[in-house]
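# An overview of the molecular structure
Residues per chain are reported as follows:
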Amino acid sequence: MEPAPPEPRPTLPVGAQRLTALADGVFAIAMTLLVLELAVPVVTAEDESLGELLLEMWPEFLMYALGFLVLGVYWIIHHMIFDSVERYDTTLAWLNIVYLMFAALIPFVTALVVQNGAMTATALAFGLNLLALFAMGWALWTYATTRGRLTGDRVEPDLAQGARTMGLAYLGALLVPLVLAFFVPQVSMVVYAAIVVAFIGFTVAGRWETVAVWRRSLRR
């Protein structure tokens, strides 16, 4: 007996496709700007080694990796949201614009840390940008999924509510390094990186399925 053909994936309405196309362009440009911030080392003396110059750039490479992964995380969040959208409206479009406004700031706050080091002001700027971007992603999801406003039957109510609750948990987690920035900004940057890596691990493990199961377990 031949297996049944897979169900066709729901397509986005034309207007929503334009919103995701804009987002893809903004994220692509922002990711490209990150690498342009890396100054190419030049050997200027006979006793200098290009390898040593590259090793001295390790903080810049670390911040490049962190900034790139941050953008990757938020790009995935954006696509997770819009993969669930059945229709769109002007409010969703403006929420999307504000979300992308903060996404486009990531290269700036990353360069701020690279050029000035991990100090209270730079750690706060970086963290506030992450917090604002995640908050806008949570707002997009909440607006689209509340009572199935824009998602219809594409998202189960348990899944929608579970993701909203987990989003609040991540927003709370981002407040921790913001407080640490006032006292130990270097540790604050490490915590930002740990949160990003944890989120990547969560998505790889199956974020939506985990959220749904977690939400249902709370009802028992």
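Everything below is about the structure printed above this text.
Let us look at the structure shown here. Bear in mind the structure is a predicted one, so any value in this text is a computation, not a measurement. (Residues numbered from 1 in each chain as written. Predicted model: local features only at pLDDT ≥ 70, side-chain atom pairs only at ≥ 80, totals over all residues. Heavy atoms only, no water.)

## Looking at the overall build of the protein
Each helix and strand in the protein was counted, giving nine helices and zero strands. Secondary structure elements in the protein, listed N-terminal to C-terminal, are α-α-α-α-α-α-α-α-α. When each of the 220 residues of the protein is scored for burial, the buried share is 43%. Sequence separation of at least 24 residues holds for 76% of the intrachain contacts in the protein that already meet a minimum separation of 6. Accessible surface for the protein amounts to roughly 12,300 Å². Of this, 68% is attributable to carbon and sulfur atoms. (Helix = DSSP H or I, 4+ residues; strand = E, 2+ residues; numbered from the N terminus. Buried < 20%, exposed > 50% of the residue type's maximum accessible area, 1.4 Å probe, protein only. Contact = heavy atoms within 4.5 Å. Areas by Shrake-Rupley, 256 points an atom, 1.4 Å probe, with all protein chains shown as cover.)

## Examining the packing of helix 4 (residues 90–103) against helix 6 (residues 120–145)
Where helix 4 contacts helix 6, the two axes come as close as 9 Å, and the packing angle between them is 160°. In terms of orientation, helix 4 lies roughly antiparallel with respect to helix 6. The crossing of helix 4 and helix 6 is left-handed. Facing T91, L92, L95, N96, V98, Y99, F102 and A103 of helix 4, the residues of helix 6 in contact are N129, A132, L133, M136, G137, A139, L140, Y143 and A144. Classifying every residue of the contact of helix 4 with helix 6 by side-chain character gives 13 nonpolar, four polar and no charged. (Axes fitted to C-alpha atoms, helices over the stretch in contact; angles between N-to-C directions. Parallel < 35°, antiparallel > 145°, perpendicular 65-115°, else oblique. Left-handed = near helix turned anticlockwise from the far one by under 90°. Nonpolar A, V, L, I, M, F, W, Y, C, P; charged D, E, K, R; others polar.)

## Re the packing of helix 6 against helix 7 (residues 157–180)
Contact pair helix 6 / helix 7: the axes reach a minimum separation of 10 Å and the direction vectors enclose 170°. Relative to helix 7, helix 6 is oriented roughly antiparallel. Of the residues in helix 7, those in contact with L124, G127, L128, L130, L131, F134, A135, W138, W141, T142 and T145 of helix 6 are L159, A160, A163, R164, G167, L168, Y170, L171, L174, L175 and L178. Here the contact of helix 6 with helix 7 is built from residues that sort into 17 nonpolar, four polar and one charged.

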